[in-house]
Amino acid sequence: MPYANNNNVTEADIIFHKAFTAHQAGNLSYAEKMYRKALKKAPWDSEILYLLGTACSQLKKWKDAGQYLERALKIKPDYPEALNNLGQTLSETGMFRESVEYFEKALLLFPDYADVHSNIGGALRKLGEIERAEKHLRRAIEIEPNLANAHYFLGLVLNEQDRFSEAAASFSRGLELRPDNEMAYCDLGIIYKIWGRYEEACACFRRALEINPEYSSAINNLGAVFEEMGRLEDALSMYDLALKVCPENITAEWNKAFLFLRQGVLDKGWRAYEQRFDVGMATKRFSDIPEWNGASLRDATILVYAEQGLGDEILFASCFPDVIEQSKHCIIECAPRLASLFARSFPKATVKGSVRGDTNWLAEVPNVDLQVAAGSLPRFIRPTLKSFPETPSYLVPDPKRTLYWRSRLADIGPGMKIGICWRSGLLKGERLKQYSQLTQWGEIFRTPGVHFVNLQYDECTEELKQAEEMFGIKISTFPEIDLRNAIDDSAALTAAMDLVITAGTAVAEMAGAIGVDVYRLDFYGRAFESLGTDGMPWHPSMTLFGQTKLGVWDETLALVAQALGKKLRKTGGLLSSATEELEYKKLNSGIAGEYVCLSNNVEVAVDGFVEDMPTYVLNELHGWFDPEYDFVVRIAEVGMKSVDIDAGIGIYSVPLAQRSSDGCLWARTATVKEASLMRESVLRNRLENRVHITTAMKDSSLDPEMDLYELEGVEFMRVSADATTLDLFVNSPRFFSVNSPLLMFGIKSGVEFDSSVTDWLSERGFRLYQLIPGLGVLIPFLSSNDLDAYALNLFACRSERSEVLERQGLLVNEIKLDNHNVDPDPKYWQEYLNEMPYASGRIEEWSSGGNKDKQWELYYAALNAYSFSKNIVLPPPARVAYLQIAASLLSTLLRENANLPRLLSFCRVLSELGKREATVLVLNKLCELLHSGMSKTCHEPFLALSESFSQTFPGCKFEQWTIAMILAQREHLRAFSTFFTMQESLPVFEEIKALGFLDKRSERSMQLIKKRYSL
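Small disclaimer: the values here were computed from a predicted structure and weren't measured.

Caption draft 1: Region of interest: the nonpolar core. With 125 residues, the main nonpolar core has L833 and F942 as its most contacted residues. In terms of residue count, the dominant contributor to this core is helix α41 (residues 876-894) (twelve residues). Beyond its immediate stretch of four places on either side in the chain, L833 contacts Y838, A839, S840, I843, W846, P941, F942 and L943. Membership of the second largest hydrophobic core comes to 87 residues, among which are L69, F96, F205 and A218.

Take a look at the structure:
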């Protein structure tokens, strides 16, 4: 301080030092007191003024703070810290525009002032200038990465843009830097609530309350979570506690209104519903006219004025007939677009269509005695459920226009006409989760004999086009009608429908008010308008279809499709013939016709029609035809988190989930039917808490689901061949940046290999692998030139995942063997084959010297190498090496002497290496040789072609057993299933049966073929 030649210097210095020390220690009141004393000694000291103003601001003495900071700036205009603090003080008093001016001045003086960038970002957010706010906040973090407030404000800005994942990350980072920010915990909890992650939401709100036990917003939000979870009593307790802590918390009172109404407690509910004016949901108007309190209206003219949105106006209009009947006269104010419809529907009333706030029309109507907001009518008109009339409708569309639209709809063709509306026009915040996507409606759209008509009232061209292309249907639209504004004509079009399927929007209210049959799609939890019932007291023609599981629309939509099918049959629709009934069940039911028990003891729901490929294949194989299937199921472990893209009916998903106890699996299906069948499998196997099922386009981004389904730490991911597109991976950058799974992706058999996906993976650190099916081990995939024509899948993972798999003995990065010379001593293969029933009685014969040729040592070495590969004590790299050595030795031998035993052994080794195409070629050659008279006698040891034949004792029919084995293995390998070879496989199985060695799989195949073709 500049007091060098002043007698008061020492005393002022001491006072200032005390003030500054107290300020730094957080003793704000004492600091303020001492700053004031110091200021008396030095009234023109800008630093004292600045610090005193700052202390006052921190003490929430905004007026004093502003005065002292302004005085500091008059003395020192280029004082960025004072400019910043004055701006912050103005922000705290709601003067955001003025605060921005001071922040901008500070930045002119100090462009890299992180605190100012953060504060101006917060102020701009309040002004609605979101883009500018985000720019400043990101700059603040760039300058000072550990600035907690900047991360918090950025979270608020991102949250307002519905960028919830980014917002959650910003809140979390801010909390790492400032763990005592209860508001950040509350805001993060709200995001978890939106995602339906209730346990995490509760944890956030409870943490906020640990910091501030009287934080009523956190208490109220905890109640809201309890309400969504169905814990209604707990929710009410929280709302009451929030009001006790903060009586002016009108949001809690408002929430109680919905809770009471949802429970059917109408008296308390309607009373609490009056809080809508205080929370800004509605505005009280016409306050110069006495408000109706429910007293007699016999001698009164009453004005009922509009409030809230279009759907609310239509809903509350159900009370108008009662008011008209009870009053001397009723005047109805409504939105201009409803005027003609209301005037026709309520001819005894005076209807005025008016823009909100315009009262000039009052001069044109009779004198008004009383007024009431439309939403307050139920409190007096509908106090109990019995007070709701049973009349099917109360709005009357234009009869001529209704006839016109019926004529237009008739031109579409015969069959039921169904109007559809799938979402609100306002999609923001929590409303996002309340609506399904049109691409999820596949189950409904597959209903035969009906026509769908668009009633969605905003721009939806792309959504309609996508659904039409996805499901091969036509959704009729009438561009000449403005569905949003031409309400009278829209009502006539709605009246012409046989059924309306809609979300909870104005379309639902309109259809119900007209008396059209309505199927309404509701979000999880009972809608408040249901008033504690399973229906809709306001609209007797409306049926509610609510989510049975949070965030899952597929099951709800499947139930709608089933109800639609029943309605068609009941009303004599187009499902009268047996053929169409069967087709409807096959394509549309999504209900299990049967459950197939797989080899891993999992039951999978299938259609039950033998013409259905999954039904047929699962019954035939008791698994799936991918050679990787058993490997994938085997790698599942406790707590594993998995993802299955294009999961079908859950052939991989359900067994994986069952083995991953305490883990979770997210499955994405392409159709609602598949999702419905998978859900039945999940219920059948009691896996409800482990499996999440959604329906979406195969190449849709995974990123939006990451937070909703907690897709972090994913250890295994399967992508079907149809879904393996570059778009899927490119569209999911966040998923692959935070997850490092073992990825199995499909490749299309017989189609030229597309390297775009593998190139993308390689660029991001993934190494490619392929399966050695006979050993259940992954080895590096080197070249597409080595791909077998039957290849269906490849694997990929990064080094951190491959290291784990290698330790588990499931993956080999380097195939190595210290000594490649294999001992020809027969004791090794003898020991191995002696365990096999087909070979145990022939070991001595095969080992005698009389049957040996000059290559016997090489052949014994090959058999020994195979035997070593089956020794689980050996490390996987050595086992793979031995299997490859066996193949190499046998290939060399066969060039000189291709006898039957060696060809059989070669087939087994090739098959276990995954060389299916080569195996089939050798089997084809064997069949040719057998039919041309090749000796069927085996004087040498050999490997049986499959495990089932290895465990068969042929007795004295060794030649018949050998032929049966060759025929069966060829038939099993030449196609993925007899579903594809159809009847041509039947004579082969009959020949095997005649030989006396029909294995179980061949027997199942034969029965399925006969059933499929009614033979």
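Caption draft 2: Local environment of the UniProt feature "repeat: TPR" (unreviewed entry) in the chain. Residues annotated in UniProt with the feature "repeat: TPR" (unreviewed entry) correspond here to residues 46-79, 80-113, 114-147, 148-181, 182-215 and 216-249. Along residues 148-181 one finds 79% helix and 0% strand; the C-alpha atoms at either end are 9 Å apart. Secondary structure content for residues 216-249 is 79% helix and 0% strand, and the end C-alpha separation is 7 Å.

Caption draft 3: Expanded view of the packing of aromatic side chains. Scanning the entire structure with this criterion turns up 54 aromatic pairs. Aromatic side chains Y629 and Y652 sit 5.1 Å apart centroid to centroid with 75° between the ring planes, which places their arrangement in the edge-to-face category. Taken together, the residues Y629 in helix α29 (residues 629-635) and Y652 in the loop between β13 (641-645) and α30 (653-659) connect sequence positions 23 residues apart. The residues Y629 and Y652 share a single accessibility class, namely buried. The ring centre of Y595 lies 3.9 Å from the NZ or CZ of R684, which sits over that ring.

Caption draft 4: The environment of E210, seen in detail. Counting through the fold element by element, E210 comes out in helix α12 (residues 198-211). The class of E210 is exposed, set by a relative accessible area of 58%. For the pair E210 and D180, spaced 30 residues apart in sequence, the C-alpha separation works out to 9.4 Å.

Caption draft 5: Highlighting the sheet that holds strand β5 (residues 416-421). Strand order across the open sheet formed by six strands is β7-β6-β5-β8-β9-β10, with parallel pairing between neighbours. Edge positions in the sheet fall to β7 (475-476) and β10 (542-546), since each has one partner strand and no second. Pairing analysis gives five bridges linking β5 to strand β6 (residues 450-454), with the strands arranged parallel. Note on β6: the bridge partner recorded for M416 is V450.

Cut-offs applied
Residues numbered from 1 in each chain as written. Predicted model: local features only at pLDDT ≥ 70, side-chain atom pairs only at ≥ 80, totals over all residues. Heavy atoms only, no water. Core = buried A, V, L, I, M, F, W, Y, C linked by side-chain atoms within 4.5 Å. Buried < 20%, exposed > 50% of the residue type's maximum accessible area, 1.4 Å probe, protein only. Helix = DSSP H or I, 4+ residues; strand = E, 2+ residues; numbered from the N terminus. Contact = heavy atoms within 4.5 Å. UniProt positions renumbered as here; feature names shortened; annotations may be inferred. Phe/Tyr/Trp six-rings, centres within 6.5 Å; stacked < 30°, edge-to-face > 60°. Lys NZ or Arg CZ within 6 Å of the ring centre and 35° of its normal. Pairing = 2+ DSSP bridges.

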